[in-house]
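What follows is each chain in one-letter form.
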Amino acid sequence: GANLVDGIINAAENRVDLPPAWQDIINHWHQSLFHIAKEFLVGESRVSFSSSMQAQYYAYLAPLNRIAETDTIRQRLNNPEENC
């Protein structure tokens, strides 16, 4: 389909798993952000992706999100006596 603005891909044609209608996309984002905020407030800070495509798309951010350190962090949390 034709794009309304050059460089902006219609949501239905996008490779990201989003609803086709803008109002549904906005509702999806609202629910996602609300869920993330709730997790943050209770101290959860997991690095998670809703799809493997997202993980590949944001791979350049790996140094910032510390995903490579997940096993080390989990091990240190589970064995605090070994951290001395």
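Parameters and conventions
Residues numbered from 1 in each chain as written. Predicted model: local features only at pLDDT ≥ 70, side-chain atom pairs only at ≥ 80, totals over all residues. Heavy atoms only, no water. Helix = DSSP H or I, 4+ residues; strand = E, 2+ residues; numbered from the N terminus. Buried < 20%, exposed > 50% of the residue type's maximum accessible area, 1.4 Å probe, protein only. Areas by Shrake-Rupley, 256 points an atom, 1.4 Å probe, with all protein chains shown as cover. Patch = residues over 30% accessible without salt bridge, like charges linked within 9 Å, V, L, I, M, F, W, Y side chains within 5 Å. Salt bridge = Lys/Arg side-chain N within 4 Å of Asp/Glu carboxyl O. Contact = heavy atoms within 4.5 Å. Expected span 1.5 Å × (residues − 1). pLDDT = per-residue confidence, 0-100.

1. Topic: the overall build of the protein chain
Stage number 1. When helices and strands are counted, the protein chain shows four helices and zero strands.
Stage number 2. The secondary structure elements of the protein chain, listed N-terminal to C-terminal, are α-α-α-α.
Stage number 3. Every one of the 84 residues in the protein chain was classed for burial, and the buried ones make up 4%.
Stage number 4. When the accessible surface of the protein chain is split by element, carbon and sulfur atoms take 57% of a total near 7,700 Å².

2. Concerning a nonpolar patch on the surface
Stage number 1. Taken together, the side chains of Val-47, Phe-49, Tyr-57, Tyr-58 and Tyr-60 make up a nonpolar region of the molecular surface, amounting to roughly 520 Å² of accessible area.
Stage number 2. By the secondary structure assignment, Tyr-57 is in helix α2 (residues 52–57).

3. A short note on the side chain of Glu-39
Stage number 1. Residue placement: Glu-39 occurs in helix α1 (residues 22–41).
Stage number 2. If near-sequence neighbours (up to four positions away) are discounted, Glu-39 is found in contact with Glu-44 and Arg-46.

4. Points about the environment of Ser-48
Stage number 1. As for its position among the elements, Ser-48 is in the loop between α1 and α2.
Stage number 2. Taking the C-alpha atoms as reference points, Ser-48 and Asn-65, separated by 17 residues in sequence, lie 9.9 Å from one another.

5. Here's the deal with α1
Stage number 1. The end-to-end C-alpha separation of α1 is 28 Å, in line with the 28 Å expected for 20 residues at 1.5 Å each.
Stage number 2. Phi for Gly-43, located one or two positions after α1, is positive at around 90°.

6. Observations regarding the confidence of the model for the protein chain
Stage number 1. Confidence in the prediction of the protein chain, expressed as mean pLDDT, is 76, and 77% of residues score 70 or more.
Stage number 2. Mean pLDDT values for the elements of the protein chain range from 71 in α2 up to 90 in α1.

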